[in-house]
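Below are the chains, spelled out letter by letter.
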Amino acid sequence: MTKDNLLKLIAESGYNIGYGAKKHLATYDMVEKIPGWIGFISLVVGIYALLIPDLAQNTISAAFIVIGIASLFINFYADAKDKYQVAGSALTDKFHELRILYQTVKSANTGDDLTQYTEDLKRIQKEVFSLRINKQIFLSDWYAHYKFFWQSQTGWMDEQLNFSLLRDKWPLSFTIIVLLIAVSLICKATLLLIHLIHFC
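I will try to describe carefully the structure that is included in this document. Numbering of residues starts from 1 in every chain and runs along the sequence as written. This being a predicted model, a pLDDT of at least 70 is required before a residue's local features are given, and a value of 80 or more before pairs of side-chain atoms are given or counted; all residues contribute to the totals for chains, interfaces and linings. As a convention, hydrogens and water are excluded, and side-chain values are obtained from all of the structure's heavy atoms.

### Considerations on the overall build of the chain
For clarity, the cut-off: Runs of H or I in DSSP of at least four residues are treated as helices and runs of E of at least two as strands, each being numbered from the N terminus. To get the radius of gyration, use the C-alpha atoms; to get the globule rule, take the number of residues to the power 0.38 and multiply by 2.2 Å. Exposure categories follow from relative accessible area, calculated using a 1.4 Å probe and restricted to protein chains: below 20% of the type maximum is buried, above 50% is exposed, and the middle band is partly exposed. Note on definitions: a residue-residue contact is assigned when non-hydrogen atoms from the two residues lie within 4.5 Å. Using a 1.4 Å probe, the Shrake-Rupley method yields the accessible areas, and only the shown protein chains count as cover for residues. Asp and Glu count as negative and Lys and Arg as positive, but His and the ends of the chain are not part of the count. Think of each charge as sitting on NZ of Lys, CZ of Arg, CG of Asp or CD of Glu.
Along the backbone of the chain there are 8 helices and 0 strands. For the chain, the succession of helices and strands along the chain, N to C, is α-α-α-α-α-α-α-α. Against the globule reference of 16 Å for 200 residues, the chain gives a C-alpha radius of gyration of 24 Å, more extended than a compact globule. C-alpha extents for the chain along the principal axes are approximately 75 × 50 × 25 Å. Sorting the 200 residues of the chain into buried and exposed places 30% on the buried side. For the chain, contacts bridging at least 24 residues in sequence account for 83% of all contacts bridging at least 6. Only carbon and sulfur atoms are counted for the fraction: they give 65% of the accessible area of the chain, which is about 13200 Å². Each charge class in the chain can be summarised by its mean position, and for the 19 positive and 18 negative side chains these summaries are 3 Å apart.

### Quick notes on helix α4 (residues 115–129)
In plain terms, the rule: For a helix, the expected span equals 1.5 Å multiplied by the residue count minus one. Read the arc as the range of directions from the helix axis to the C-beta atoms.
Here α4 contains 15 residues, and its C-alpha end-to-end distance of 22 Å stays within 8% of the 21 Å for a straight helix at 1.5 Å per residue. Within α4 the residues assigned to the buried category are Thr 118, Leu 121, Ile 124 and Val 128. Down the axis, α4 shows its buried residues gathered within 125° of arc, on one side only. The exposed set on the far side of α4, more than 90 degrees from its buried face, consists of Lys 126 and Phe 129.

### Things to note about the pattern of salt bridges
Close approach of charged atoms allows side chains of opposite charge to pair. This is how it is decided: Any carboxyl oxygen of Asp or Glu within 4 Å of a side-chain nitrogen of Lys or Arg constitutes a salt bridge here.
Here the structure, examined in full by the defined rule, presents 9 salt bridges. A salt bridge links Lys 106 to Glu 159; the shortest N-O distance between them is 3.0 Å. One end of the pair, Lys 106, is in helix α3 (residues 81–107); the other, Glu 159, is in helix α6 (residues 155–161), with 53 residues separating them in the sequence. Glu 159 gets classed as partly exposed once you look at its relative accessible area, which sits at 43%. For Arg 123, the salt bridge goes to Glu 127, with nearest N and O atoms at 3.3 Å. Highlighted residues: Arg 123 and Glu 127, both in helix α4, separated by 4 residues, approximately one helical turn. Arg 123 gets classed as partly exposed once you look at its relative accessible area, which sits at 35%. Among the ionic contacts, a cluster of salt bridges with common partners joins Lys 94, Glu 97, Arg 123 and Glu 127.

### Details of the packing of aromatic side chains
Test applied: Only Phe, Tyr and Trp rings are paired, with Trp represented by its six-membered ring, and only when their centres lie within 6.5 Å; those with planes under 30 degrees apart are stacked, over 60 edge-to-face, the remainder tilted.
The full count for this structure, using the stated rule, is 16 aromatic pairs. Centroid distance Tyr 15 to Phe 149: 6.2 Å. Interplanar angle 40°. Geometry classified as tilted. On the criterion of sequence distance, the pair formed by Tyr 15 in helix α1 (residues 3–49) and Phe 149 in helix α5 (residues 140–151) is long-range, its members being 134 residues apart. Given a relative accessible area of 6%, Phe 149 falls into the buried group. Look at Trp 37 and Phe 40: their rings are 6.2 Å apart centre to centre, the planes differ by 85°, and that puts the pair in the edge-to-face class. Placement of both Trp 37 and Phe 40 in helix α1 is noted, with a separation of 3 residues, approximately one turn of the helix. You can call Trp 37 exposed: its relative accessible area is 54%.

### Comments concerning the side chain of Lys 22
Relative to the helices and strands, Lys 22 resides in helix α1. It is Asp 29 that comes nearest to the buried, bridge-free Lys 22 among opposite-charge side chains, at 8.4 Å. The residues contacting Lys 22, other than those within four sequence positions of it, are Ala 144, Lys 147, Phe 148 and Ser 152.

### Looking at the packing of α1 against α5
We apply this condition: The axes used here are C-alpha line fits, helices contributing only the stretch in contact, and every angle between their N-to-C directions lies in the interval 0 to 180 degrees. For classification purposes, angles smaller than 35 degrees are called roughly parallel, those larger than 145 roughly antiparallel, those between 65 and 115 roughly perpendicular, and all remaining angles oblique. Crossing chirality is assigned from the near helix's rotation relative to the far helix, an anticlockwise turn below a right angle marking it left-handed and a clockwise turn marking it right-handed. Nonpolar residues are Ala, Val, Leu, Ile, Met, Phe, Trp, Tyr, Cys and Pro. Charged residues are Asp, Glu, Lys and Arg, and all others, Gly as well, are polar.
At their nearest, the axes of α1 and α5 sit 8 Å apart, and the two run at 120° to each other. When the interaxial angle is binned, α1 and α5 end up oblique. As α1 runs across α5, the sense of the crossing is right-handed. For the pair α1 and α5, contact is made by Gly 14, Tyr 15, Gly 18, Tyr 19, Lys 22, Lys 23, Leu 25, Ala 26, Thr 27, Asp 29 and Met 30 and by Ser 140, Asp 141, Tyr 143, Ala 144, His 145, Lys 147, Phe 148 and Phe 149, respectively. Within the contact of α1 with α5, the residues separate by chemical class into 9 nonpolar, 5 polar and 5 charged.

If you want it as structure tokens, here you go:
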């Protein structure tokens, strides 16, 4: 295996493991924090609904009922939330091992024997399989993208993988939803404009 090939393999593993670590930690954060935020916001809106009649409308009340039901689903993860934190931290350790391995291989001479580094990569990959938890909470992908690309140092992987904004740094589902909303707004604006022109 060539040095360049090994560097690319390490970077790919770094992406998979680092993103996986952030996904576990995102699930932990969401289970830990969202129910408290939902309760706080519901309380604030409930208090202000006493002063502002528009906040007491059925649509707003229905929205908060739906949000309350969503928090019940979040609570299904509550018993296992510490496992997500432990797994996320362990995966983060493996991510840092890969970063060190990447820099070590990068500084190696072209003719050096890379067998030991290849074995180290295989060992780290094997250890990761026993750490991960397959079931993650809804929208943890979106939060994990934020945590991975905007809060972490990913430059060493970017040297090999050349991350792009739309393909890598934004979740595909988020991009599709934004595009659908934009198309919907454009269609509504166009229909409104046609209606106004016809009315005039």
